[in-house]
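Breakdown of the fold
The residues making up each chain are set out below.
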Protein chains: 2
Amino acid sequence: MSDLEKFPRPAVAVDLAILTVTAAGDTDPELRLLVQDRTDPDGIALPGGFLRERTTVAETADGVLRRKVGIDPSATIRPRLLRLFDAPHRDDRTWAVSAAHALPLPEAELAGARGRPVRVLPDGRLEGAERLLFDHDEIAAAAIADVRERYEIRLRYVDVGPDPDGFLPEPFTLLQLRRVHEAVIGTELHKDNFARRMRPHLEPVVGDDGEVVLSTAQRGRPAALYRRAR
Amino acid sequence: MSDLEKFPRPAVAVDLAILTVTAAGDTDPELRLLVQDRTDPDGIALPGGFLRERTTVAETADGVLRRKVGIDPSATIRPRLLRLFDAPHRDDRTWAVSAAHALPLPEAELAGARGRPVRVLPDGRLEGAERLLFDHDEIAAAAIADVRERYEIRLRYVDVGPDPDGFLPEPFTLLQLRRVHEAVIGTELHKDNFARRMRPHLEPVVGDDGEVVLSTAQRGRPAALYRRAR
DNA sequence: GGAATAGTGTCTTTCAGACACTATCTG
DNA sequence: CAGATAGTGTCTGAAAGACACTATTCC
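Residues numbered from 1 in each chain as written. Chains lettered and ligands numbered in written order. Predicted model: local features only at pLDDT ≥ 70, side-chain atom pairs only at ≥ 80, totals over all residues. Heavy atoms only, no water.

1. What about the pairing of strand β6 (residues 96-104) of chain A?
All names here are of chain A. Judged by how many residues are buried, β6 sits mostly within the fold: nine of nine residues are covered. Of the two faces of β6, the one carrying Ala96, Ser98, Ala100, Ala102 and Pro104 and the one carrying Val97, Ala99, His101 and Leu103 are both buried. Pairing analysis gives nine bridges linking strand β1 (residues 11-22) to β6, with the strands arranged parallel. Across the sheet, the residue bridging to Ala17 is Ala102, located in β6. (Buried < 20%, exposed > 50% of the residue type's maximum accessible area, 1.4 Å probe, protein only. Helix = DSSP H or I, 4+ residues; strand = E, 2+ residues; numbered from the N terminus. Pairing = 2+ DSSP bridges.)

2. Re the packing of helix α3 (residues 174-185) of chain A against helix α4 (residues 191-198) of chain A
Residue and element names in this part refer to chain A. Axis separation between α3 and α4 bottoms out at 10 Å; the angle between their running directions is 100 degrees. The angle between the axes of α3 and α4 places the two elements in the roughly perpendicular class. Taken together, the residues of α4 that come into contact with α3 (itself represented by Leu174, Leu177, Arg178 and His181) are Lys191, Phe194, Ala195 and Met198. Counted by class, the contact of α3 with α4 contains five nonpolar, one polar and two charged residues. (Axes fitted to C-alpha atoms, helices over the stretch in contact; angles between N-to-C directions. Parallel < 35°, antiparallel > 145°, perpendicular 65-115°, else oblique. Contact = heavy atoms within 4.5 Å. Nonpolar A, V, L, I, M, F, W, Y, C, P; charged D, E, K, R; others polar.)

3. Some words on the pattern of salt bridges
Scanning all chains against the criterion turns up 38 salt bridges over all chains. The closest approach of N and O atoms between Glu30 of chain B and Arg32 of chain B, which form a salt bridge, is 2.6 Å. The exposure class of Glu30 of chain B is buried, given its relative accessible area of 15%. We note a salt bridge from Arg66 of chain B to Asp72 of chain B, for which the minimum N-O separation is 2.3 Å. Owing to a relative accessible area of 40%, Arg66 of chain B belongs among the partly exposed residues under this scheme. Judged by relative accessible area, which is 55%, Asp72 of chain B ranks as exposed. The network of salt bridges with shared partners includes Arg80, Asp146, Arg150 and Asp165 of chain A. (Salt bridge = Lys/Arg side-chain N within 4 Å of Asp/Glu carboxyl O.)

4. Digging into the domain arrangement of chain A
All names here are of chain A. Considered domain by domain, chain A is made up of domain 1 (7-151) and domain 2 (174-228). Taken over C-alpha atoms, the centre of domain 1 sits 30 Å from the centre of domain 2. Each partner contributes to the interface: domain 1 provides twelve residues, whereas domain 2 provides eight residues. Across the domain 1/domain 2 interface, buried area totals approximately 930 Å², and carbon plus sulfur atoms make up 67% of it. Contact with domain 2 buries area across many residues of domain 1, yet Gly25, Arg148 and Tyr151 alone supply 50% of it, more than any other trio. Summed over the shared surface of domain 1 and domain 2, the number is zero salt bridges. Viewed at the interface, domain 2 and domain 1 are joined by four residue pairs in polar contact (both at pLDDT 80 or more). Every element with two or more residues in the side of domain 1 that touches domain 2 is listed here: β2 (30-38) and α2 (136-151). Top contributing element to the side of domain 1 that touches domain 2 by residue count: α2, with three residues. Its residues assigned to classes, the side of domain 1 that touches domain 2 shows seven nonpolar, two polar and three charged. (Domains from an automatic or database assignment. Buried area = accessible area lost by both parts, 1.4 Å probe. Polar contact = N/O pair within 3.5 Å; in protein donor to acceptor, adjacent residues only side chain to side chain.)

5. Thoughts on the relation of the copies chain A and chain B
Its rotation angle being 180 degrees, the transformation that places chain A on chain B also includes 0.0 Å of axial translation and leaves an RMSD of 0.0 Å. What the superposition gives is, in effect, a two-fold axis relating one chain to the other. For chain A, the minimum C-alpha distance to the rotation axis belongs to Arg9 of chain A and amounts to 3.1 Å. Residue by residue, 100% of the interface of chain A is reproduced at the interface of chain B, so both copies engage with the same surface. (Least-squares fit on C-alpha atoms with pLDDT ≥ 70 in both.)

6. Considerations on helix α3 (residues 174-185) of chain B
Residues and elements named next belong to chain B. If you check α3, its first and last C-alpha atoms are 17 Å apart, about what twelve residues at 1.5 Å a residue would give, namely 16 Å. Of all twelve residues making up α3, nine are buried, and the element is well covered by its neighbours. Every buried residue of α3 is listed here: Leu174, Leu177, Arg178, Val180, His181, Glu182, Ala183, Val184 and Ile185. The positive-phi residue at the C-terminal boundary of α3 is Gly186, with phi of around 85 degrees. (Expected span 1.5 Å × (residues − 1).)

7. Here's the deal with the protein's contact with DNA strand C
Close contacts around DNA strand C come from 22 residues, with Lys191, Arg199 and Arg221 of chain A together with His190 and Asp192 of chain B the closest. Atoms of DNA strand C within 4 Å of the protein: sugar and phosphate make up 53%, bases the balance. Between DNA strand C and the protein, one listed contact pairs a phosphate oxygen with a side-chain N or O atom of Arg219 of chain A at 3.0 Å. With respect to DNA strand C, the backbone of Ala224 of chain A contributes an N or O atom lying 2.9 Å from a phosphate oxygen. For the surface near DNA strand C, a count of residues per class yields seven nonpolar, four polar and eleven charged. (Near = heavy atom within 4 Å.)

8. Section: the interface of chain A and chain B
Between chain A and chain B, the residue contacts involve 34 residues of the former and 34 residues of the latter. When the two sides are added together, the surface that chain A and chain B hide from each other amounts to roughly 3500 Å², 63% of it contributed by carbon and sulfur. At the junction of chain A and chain B, the tally comes to zero salt bridges. Within the residue set of the side of chain A that touches chain B, elements represented by two or more residues are β1, α1 (57-69), β5 (80-85) and β6 of chain A. Taken together, the residues of the side of chain A that touches chain B sort by class into 18 nonpolar, four polar and twelve charged.

9. Here's the deal with the packing of aromatic side chains
A full pass over the atoms with the stated rule returns two aromatic pairs over all chains. With centroids separated by 5.8 Å and ring planes inclined at 35 degrees, the aromatic side chains of Tyr151 of chain A and Phe167 of chain A adopt a geometry described as tilted. Within this pair, whereas Tyr151 of chain A is found in helix α2, its partner Phe167 of chain A is found in the loop between α2 and α3, the two being separated by 16 residues in sequence. The exposure class of Phe167 of chain A is buried, given its relative accessible area of 2%. It is Arg52 of chain A that lies over the ring of Phe7 of chain B; its NZ or CZ is 3.7 Å from the centre. The ring of Phe85 of chain A has Arg83 of chain A lying over it, and the distance from NZ or CZ to the ring centre is 4.0 Å. (Phe/Tyr/Trp six-rings, centres within 6.5 Å; stacked < 30°, edge-to-face > 60°. Lys NZ or Arg CZ within 6 Å of the ring centre and 35° of its normal.)

Here it is as structure tokens:
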């Protein structure tokens with residue numbers, strides 16, 4: 001099997017559908033997808049890069065964030081593999097396969113990023129019906145479906161817990177948490193059912209006096225502050 | 001970007017966890033995983049091959065079936081991407097990433113295959129606690145989890161329908177269909193609940209006389225024969 | 001007190017799980 | 001008729017969805 005070296009190999013691209021929730025913690029958060037303008041061909045596309053010299057997908061994705069998106073991720077990123085695009089001539093420059101990934105990031109990590117976060121509409125399409133180049137529309141749709149599936153409330157079978165991708169900084173109120181889930185899935189949730197199902201996965205923030213810390217309410221009764229349990 | 005050619009590229013392996021249900025239609029079908037003996041290093045492993053010269057994953061998988069497994073798939077195969085293995089030195093011969101796939105096949109397609117179909121125990125491990133080489137234990141576990149998830153009965157949220165991978169040839173009785181699902185998931189199902197949930201996805205086989213065709217019972221009352229609806 | 005939001009009690013509907021009964025075949 | 005399997009009716013419990021009420025804050 002030393003003829004392994006003799007055969008041509010594909011370039012392996014790592015394309016990233018970077019998703020975030022803007023204004024998490026605010027009254028009207030929004031799910032957004034980062035797209036970048038590019039030329040040759042002209043249009044908008046997702047950031048991506050090629051696997052180089054014994055690097056991993058996570059390292060390559062990290063490099064894409066630093067070099068092409070212009071941000072400096074504070075923690076280890078967790079790209080989620082969606083599918084492989086392997087049509088033999090999908091890239092007319094060379095033989096390239098693409099490993100499409102979803103990459104959820106908190107809005108704070110995207111400060112100063114190159115590109116535009118485009119709002120994702122409730123039906124899963126992009127605001128303004130924007131079309132992406134190459135097969136990136138499919139990647140975007142798969143990424144949105146992936147994150148939505150994990151933010152749905154389906155306690156009986158899938159028990160993902162509160163804000164699994166960490167869009168919302170701790171501590172938070174149940175209202176803030178619910179708004180984030182609603183922003184991701186694009187539909188409204190009942191506050192009572194939502195609280196009932198989230199509470200087992202949350203622990204209240206306790207102050208020095210042993211009392212539960214409350215949010216400083218703008219209007220109405222202050223709410224208890226929580227963080228993710230365990 | 002014409003320097004695209006200058007960088008080294010990884011070999012891309014397609015590893016296949018080939019799953020089948022033996023004796024589907026019989027009273028005691030079993031979920032099995034095809035493993036192959038190999039040398040250097042000695043042990044058992046999953047079949048696989050490398051992406052060559054502008055081929056797709058499906059084509060490569062098809063070639064693996066023909067050349068390494070020694071079978072001739074009768075229809076287009078549908079490998080299910082599980083995950084990428086990308087540790088830089090996981091293969092000590094060269095830089096290689098592996099795209100691990102599950103590939104469900106009806107037993108008839110595996111006639112004459114090289115390798116052993118090893119029984120999958122209810123807990124998901126292999127009979128005899130066999131250990132596979134390389135990272136193939138993880139691939140096997142992921143493949144088993146993938147197929148089990150799709151054969152579970154969870155009508156409310158996931159509505160996959162009867163025997164989505166076609167392990168069981170049509171037409172079949174509800175008992176045969178249930179035995180196949182039980183073999184895949186490793187647990188028993190109630191016949192009444194199972195029938196209630198499968199019936200909407202099935203249509204009875206109707207004979208020339210307009211009557212529902214019945215199985216030729218060995219013992220007891222003959223059962224109606226069905227095929228997948230639509 | 002009034003407006004606003006937090007938090008809880010409970011009713012209804014749905015459905016998975018379980019049990020039991022009837023139906024129809026063979027020998 | 002006995003044995004075996006097919007097929008259906010129905011009860012129960014859990015949980016999602018929905019509604020309503022009470023609680024606590026600011027103004």
